[in-house]
Amino acid sequence: MKILALVLCVPLIGGAPGQKVLAADSASIDDERAARWKTISESVFGDRKIEPTETLIKLDAPQRAQDAALTPVTLIMPEKDKIKSVYLVIDDNPSPLAAHVTFGPAADPGSLQLRVRVDTYTNVHAVAETRDGSLFGAVVFVKASGGCSAPVASTDEEAMKGMGEMRMRFTEGAAPGKPMQATLMVRHPNFNGMQMNQLTRNYTPPRYVDKLSVSYGDSKIFDLEADISLSTNPVITFSFVPEGKGPVKVVASDTMNGRWEQSFDMPATTN
Amino acid sequence: MRALIETAATAAIILGTALVPAVAHAGSTADIPEPQGLWIGAMHGPTPKMLSGAVVVDLAAIEALMAGKPLLLDVGPAVRKPENFPTDRPWLPIHRSIPNAIWMPGAGAAPLDVGREELFYRRIEELTHGDKAKPIVVFCRPECWGGWNAGKRLVTKGYTNVRWFPAGTDGWQDKRETAEVEPDTEWFAEPTR
């Protein structure tokens, strides 16, 4: 029993000792999760304070995800005019910072949806950065597991077919100056280095989309920085205000110097 | 004394749940036959319903065993840091398991280097204080041959009280709280193959 205890409480993360709590009851696991969030938020935001909020950012995620490799997460920002950028953090993923989205002048930052991988039952945090530089956070607990090691396809070649191809779906009823929603799909395996090729039993080398930049005409809608927590074939639903001439232009890049550009014409406007 | 605990635990299992190997276990839909020796195919995939020489257990059965302080052996894989992972983003891997579990990532891989396999047996001998009848609960994630293989290794080595928990860490965290665990220091966190 002495040996059993020995292994359990070695501080997990270098640089943040003294915060580990031996978890046996729910109070200590809450402490443990809070300590985890503290470590992550210090790593991402330094000593900037994150205020809890009920109004500036909300998270909508399935309490129990059907597919941990394709968990839909929606960030809702009701006071959208105040929002400069949003962060999505999946606490117990090995790379917790799943995405940082910075909105540009053509954005309608009221909501944003992403599909992510979830490795184990975890807290998911959304943090909004307002235009004055303050941070506000919300949290939900998501029951999903195994999303990070789930194989992408039966072979790597198959998974990489058509890499960089994009599709865009616009909502109906576009009108000049009125916000509209669009869903962008980028074909990319987003290999995270943890998926094993079931035939060779080697790990597929990591290769994932790390930047997405979307503009309307010359005006930026958003910049997305991401890494291995985005699902295979990343999908992002966003809103923007089409003023002046389009088209919607997307530039995507990945960690192996892949770069793809595509433009999408808006559907005809209706009055 | 230990025999008493064992008897109590066994009784609790019988009262509680799935001692009977014939009971179909969640997680495997197909009827996968037990391999003769260790499974050397892909580690992720449906596993047999049985492990000859060991008892297949579910959550209730493990909880019934807890009073007897079994060795909880997690052989789930460790995550791998992508080689080109940017230095300015946080990399903070965490492994959640049954509280007080000993985590030996990849100990169910097969084939395993001779030296690693010997180390595995030596660690188990240390952790059980040389008691071949010590209850050992071996697990991984669901659909993980590593858990099955690790159990098979123990049975083959003469351990007489091996329990295999195929639902693994997911089966546990679905109903119970987990704890962060570090890899066993002797075994160290080598990524699994």
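All figures in this text were calculated on a predicted structure; none of them were measured in a lab.

### Some details on helix α4 (residues 145-156) of chain B
Residues and elements named next belong to chain B.
Working step 1: Between its first and last C-alpha, α4 extends 16 Å over 12 residues, near the 16 Å set by a 1.5 Å rise per residue.
Working step 2: Counting buried positions along α4 gives 10 out of 12 residues, so the element sits mostly inside the fold.
Working step 3: Residues of α4 that are buried: W145, G146, G147, W148, N149, A150, G151, K152, R153 and L154.
Working step 4: Looking at the packing, one finds that the buried side of α4 touches β2 (71-74), α3 (114-127), β5 (136-139), β6 (162-165) and α5 (168-173).
Working step 5: Where α4 ends, the next residue or the one after it, G158, has phi of about 100°, a positive value.

### Observations concerning the domain arrangement of chain A
Residue and element names in this part refer to chain A.
Working step 1: According to the domain assignment, chain A consists of domain 1 (1-47) and domain 2 (52-264).
Working step 2: Between domain 1 and domain 2, the residue contacts involve 6 residues of the former and 8 residues of the latter.
Working step 3: Its residues assigned to classes, the side of domain 1 that touches domain 2 shows 4 nonpolar, no polar and 2 charged.

### Quick notes on the sheet that holds strand β13 (residues 235-240) of chain A
Residue and element names in this part refer to chain A.
Working step 1: Strand order across the open sheet formed by 6 strands is β2-β3-β6-β13-β10-β9, with antiparallel pairing between neighbours. If you trace the sheet from one side to the other, it starts and ends with β2 (58-60) and β9 (166-170), each paired once. Averaged over all adjacent pairs, the angle separating strand axes in this sheet is 20°, with direction ignored.

### Some details on the sheet that holds strand β11 (residues 209-216) of chain A
Pairing between the strands of a sheet is mediated by backbone hydrogen bonds and can be parallel or antiparallel.
All names here are of chain A.
Working step 1: With mixed pairing, 9 strands are arranged side by side in an open sheet as β1-β8-β7-β4-β5-β12-β11-β14-β15. Both edges of this open sheet fall to β1 (50-52) and β15 (259-264), since each of them pairs with a single strand only. For this sheet, the mean angle separating the axes of adjacent strands, direction not counted, is 20°.
Working step 2: In the sheet, β11 pairs with strand β14 (residues 248-254) via 7 bridges, with the strands oriented antiparallel. Residue pairing for β14: L212 is matched across the bridge by A252.

### Section: the nonpolar core
Working step 1: Counting 61 residues, the largest nonpolar core has I57, V86, L88, V89 and A98 of chain A as the members making the most contacts within it.
Working step 2: Among the elements that line this core, the one with the most residues is strand β4 (residues 83-90) of chain A, at 6 residues.
Working step 3: Counting residues in hydrophobic clusters, the runner-up holds 46 residues, among them V55, I62, A150 and V162 of chain B.

Reading the values: rules and limits
Residue numbers here run from 1 along each chain, matching the order of that chain's written sequence. Written order determines the labels here, with chains lettered from A and ligands numbered from 1. With the structure being a predicted model, the display of local features is reserved for residues of pLDDT at least 70 and the display and counting of side-chain atom pairs for 80 or more, all residues being used for whole-chain, interface and lining totals. We count a stretch as a helix when DSSP gives it H or I for four or more residues in a row; a strand needs E for two or more, and each element gets its number in order from the N terminus. Any helix carries an expected span of 1.5 Å times its number of residues minus one. With C-beta atoms placed from the backbone, a residue is buried if 20 or more other C-beta atoms are within 10 Å of its own, exposed if 12 or fewer are, and partly exposed between those counts. Two residues qualify as being in contact provided that their C-beta atoms, derived from the backbone, are within 7 Å of each other. Boundaries between domains were set according to an automatic or database domain assignment. Nonpolar residues are Ala, Val, Leu, Ile, Met, Phe, Trp, Tyr, Cys and Pro. Charged residues are Asp, Glu, Lys and Arg, and all others, Gly as well, are polar. By this definition, two strands are paired if DSSP reports at least two bridges between them. Interaxial angles span 0 to 180 degrees and are taken between N-to-C directions of axes, which are lines fitted to C-alpha atoms, for helices over the stretch in contact. Joining buried Ala, Val, Leu, Ile, Met, Phe, Trp, Tyr and Cys residues through C-beta atoms within 7 Å gives a set, and that set is a nonpolar core.

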